Number of protein chains: 2
Amino acid sequence: MSAEMKDVIMIGAGPSALAAAVYTTREDLSTVLYEKGVIGGMAAITDKVDNYPGFPEGIEGMTLAGQLEKQAERFGAVIDFGEVSEIRDEGDEKVVVVDGVEKRARAVLIATGSDYNKLGIPGEAEYYGRGVHYCATCDGAFYREKRLVVVGGGNSAVQEAIFLTRFTSHIDLLVRSTVKASEVLQHELQKYVDDGKITVHLGTTTDEIVTTDNKVTLVRGTKDGEKVEFKTDGIFIFVGLNPNTGFLAGSQIELDEQRLIKTDNRLETSMPGVFASGDVRSGATMQIASAVGEGATAALSIRGYLDDLKRK
Amino acid sequence: MSAEMKDVIMIGAGPSALAAAVYTTREDLSTVLYEKGVIGGMAAITDKVDNYPGFPEGIEGMTLAGQLEKQAERFGAVIDFGEVSEIRDEGDEKVVVVDGVEKRARAVLIATGSDYNKLGIPGEAEYYGRGVHYCATCDGAFYREKRLVVVGGGNSAVQEAIFLTRFTSHIDLLVRSTVKASEVLQHELQKYVDDGKITVHLGTTTDEIVTTDNKVTLVRGTKDGEKVEFKTDGIFIFVGLNPNTGFLAGSQIELDEQRLIKTDNRLETSMPGVFASGDVRSGATMQIASAVGEGATAALSIRGYLDDLKRK
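Residues numbered from 1 in each chain as written. Chains lettered and ligands numbered in written order. Predicted model: local features only at pLDDT ≥ 70, side-chain atom pairs only at ≥ 80, totals over all residues. Heavy atoms only, no water.

Inspection of the secondary structure puts B:Thr297 in helix α7 (residues 288–311). In contact with B:Thr297, other than residues within four places in its own chain, are A:Thr285, A:Ser290 and B:Leu267. (Helix = DSSP H or I, 4+ residues; strand = E, 2+ residues; numbered from the N terminus. Contact = heavy atoms within 4.5 Å.)

Dropping the structure here:
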C-alpha cells in the first residue's frame, strides 16, 4: 500500500460530492476531491436556490455552495484542483489520472455533473440565473404572471414550455428550424397555442439577450433574414444536456444513450468500487436536493464496499 | 371530479414528504400531507443533526424540521393530522382512508418512515439523541475516544459495533442470548475482541440507562441472575427496524422481506400513481439527506405522472 493511497477519490466538487465527503470524512475515510472548475458546481453560479430543503426563504447559490464546502472540510475533506482524464480498475485499487499524474484509491465517486448546452449569445452568460435559465423546475416559479421566451424545439423544450404556462401570462417559443418534439407533445402544444398561452415562432434564431436596469427585458432574433424582437421578463433555454463524462470514453464504465452513467440501486457503476451520484447519473433530476441525497447514499454504499474489501 | 380531489396526497410529514411538498406545491399541484405523529418525523426528535448538507456546524433536529415545514407551507402545502388505514387504486384516482374518511387524489406519496425498535427501558426515551442512539452513521462521530455500550446480537449490531470502534476507546456489546450475526461478521468481531476494543457480554439483558448531570453515565443489566453495570458515555441500540407499512397489509403495494416498500428507479411502487420515498422505501439509508433527496426525486416523478394523466 502506497503512502498516497486514499480511501476515496471523488471526481468533482459540486453539491453531490461535497455531501458525500461530509459522510465519508466524518467516518474517518481519507477523501480527496478533484475539481476542474468551480467548487460547488452549478449551485455556486445559481443566483437564488428556492427549493433546497432546509432554507424556508431560499438561499443564494454561492452561499449554499460555500456552506457545503465548509461542512465537508470541517471533517477533513481535501479539495484539489485538477482535471481527470482516466479511471483504471486494478481490482482492489483504482487509478485516477489527474492532470497526467496517477492517483490511487480503494473507491471512487464520480460526481462531475452535467452542463446545460448554451446558445453562446450576448447576455447569456452574464445573466445566468438572473433572467437566463435552463431549468423550469428550479426557476419557473419566479415567473408568475410574467412573460417568457423559451428557446428550443425538442421534447424537453416543448414539455417545459407547457409546464411554464402554469406560471406565465404568455410564452414566445423560438424554434430554430421546426418542432421536433413527439406527436403527443406537439398535439398538446397546439392546445396552448389555440388558447393564446404560447406563440410558436418557427425558423427563428435567438441572437441576443438585452437587459435594462440589470433585468432581462428583450430577446432579439432573426426570422427569414429579418430582425425580430420579443419583450420578455426572462428566457429559458432548452437545447440539450452535456454530461461531463467525456473522460470515460474508452473506459469500462457503462453510459446510457444520453452519455449519463448507469448505476445500480446502490449507485455503483459497472466498474466495481466506482460509484456515481448527482447530475452525471442516468436518471438524474438536475436538482441540488437529489444530488445531495444521492451523495449521502453513495457515501454509505462506499463505506459498505470498503468494509467488504477489508473482510476479504 | 369531486371538489375535494387533490393532485397529491402525501402520507407522513417527515423530511421526505416535506421536501416533496416544497416541489409539488411550488409547481401549483394541490398537496395535502397526513401525519399521525410529529411533523418533521424522526428529525424533529433528534438533538443535533451534524450531517445534513448545508449546515456546516450542524443544526438542531427540531430547528431543521421547523424549517422544512415552513418551506413547504410557504408554497401552499397543507398538513393535517390523521392516521391512514388504506390506499385503494381506482385507476386515475386513488382513495386514501384517513381516520375512516375517504380522501381522493390523482397521485399518492408514501413517506411514513421507519421506527427503530426500542428496548422500552428507563432512560431510553428521555435521552433519545442525547446519549441514547439508534444510528451509528448519524451519531457515532460524537463519541471519539469515548466508551460506549452497544446492544444487540444480530448482523446490524455487530456490524455497527465494529464500525463504532473507529471512534471509541472501548465498546461493551450486550447480547441478550447469543450472537446471531453471520459467520463472516463473527469472525471479524473476534479480531476486535482480541485487540481489546470490544468486550462481548452474552446472556446479558439491558435494564436501565442511568444519567448523571443530564448525561448518560451508566448502563445497568442482568447476567445469570446477577446485576451488572457498565460505565459508558452513551448507548447505541440495534434491535431491529420497524417500517411504518402496517396500513398496507392486504394492499397491492409490494413490500420486501423487511416490510419496506419496493420502488422502481422513478420511486413508483407496484401501484401505478403511488410513489414512496425516504426511510420507508426498500434500500433506505435512514439518513435525512437521502430522504430529502428522494422526496425531491419523487415529486418530479409525480409531476411527470400527472402530466401523462392529462395527456391520456
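All names here are of chain A. Reading across the sheet, the 3 strands line up as β14-β15-β16 and stay open at both edges, with antiparallel pairing between neighbours. Since the sheet does not close on itself, it has two edges, and those belong to β14 (204–212) and β16 (226–231), each with one partner. On average, each strand axis in the sheet is tilted by 25 degrees relative to the strand beside it, whichever way the strands run. Relative to strand β15 (residues 215–223), β14 is paired through 8 bridges, and the arrangement is antiparallel. Its bridge partner being in β15, Thr206 is matched across the sheet by Gly221. (Pairing = 2+ DSSP bridges. Axes fitted to C-alpha atoms, helices over the stretch in contact; angles between N-to-C directions.)

What follows is about the state of the cysteines. Residue and element names in this part refer to chain A. One pass over the full model with this rule turns up 2 disulfides over all chains. Paired by a disulfide, Cys135 and Cys138 hold their sulfur atoms 2.2 Å apart. Judged by the sign of its S-S torsion, about 75 degrees, the bond between Cys135 and Cys138 is right-handed. A relative accessible area of 9% means that Cys135 is categorised as buried. (Disulfide = S-S within 2.5 Å. Buried < 20%, exposed > 50% of the residue type's maximum accessible area, 1.4 Å probe, protein only.)

Quick look at helix α1 (residues 15–26) of chain B now. All names here are of chain B. Between the first and last C-alpha of α1 there are 16 Å, a value that for 12 residues agrees with the 16 Å anticipated at 1.5 Å per step. Most of α1 sits out of view: 12 of its 12 residues are buried. For α1, the set of buried residues is Pro15, Ser16, Ala17, Leu18, Ala19, Ala20, Ala21, Val22, Tyr23, Thr24, Thr25 and Arg26. Where α1 terminates, the next one or two residues include Asp28, which has phi positive at roughly 65 degrees. (Expected span 1.5 Å × (residues − 1).)

Residues three or four positions apart in an α-helix share a direction because the helix packs 3.6 residues into each turn. Relative to the 16 Å expected for 12 residues at 1.5 Å per residue, helix α6 (residues 183–194) of chain A spans 17 Å between its end C-alpha atoms, a close match to the ideal helical length. Those residues of α6(A) that are buried are in contact with α5 (155–164), β12 (170–174) and β13 (198–201) of chain A together with α7 of chain B. Looking one or two residues beyond α6(A), the residue adopting positive phi is A:Gly196, at roughly 80 degrees.

All names here are of chain B. One non-glycine residue, Asp224, lies in the positive phi region at around 50 degrees. For Asp224, the location among the structural elements is in the loop between β15 (215–223) and β16 (226–231). What makes Asp224 exposed here is its relative accessible area of 69%. One non-glycine residue with positive phi stands out, namely Leu267, at about 70 degrees. Relative to the elements of secondary structure, Leu267 occurs in the loop between β18 (241–243) and β19 (274–276). You can call Leu267 buried: its relative accessible area is 6%.

Residues and elements named next belong to chain A. We note that the domain assignment places domain 1 (5–115 + 241–310) and domain 2 (118–237) within chain A. For domain 1 versus domain 2, the separation of C-alpha centres amounts to 32 Å. Listed by partner, the interface residues are 9 residues for domain 1 and 8 residues for domain 2. Of the roughly 660 Å² buried where domain 1 meets domain 2, counting both sides, 55% is carbon and sulfur surface. Summed over the three residues of domain 1 that lose the most area to domain 2, namely Ile45, Asp47 and Gln287, the buried surface amounts to 46% of that side. Applying the counting rule to domain 1 against domain 2 returns 0 salt bridges. Linking domain 1 with domain 2 are 0 residue pairs in polar contact (both at pLDDT 80 or more). Partitioned by chemical class, the residues of the side of domain 1 that touches domain 2 number 3 nonpolar, 3 polar and 3 charged. (Domains from an automatic or database assignment. Buried area = accessible area lost by both parts, 1.4 Å probe. Salt bridge = Lys/Arg side-chain N within 4 Å of Asp/Glu carboxyl O. Polar contact = N/O pair within 3.5 Å; in protein donor to acceptor, adjacent residues only side chain to side chain. Nonpolar A, V, L, I, M, F, W, Y, C, P; charged D, E, K, R; others polar.)

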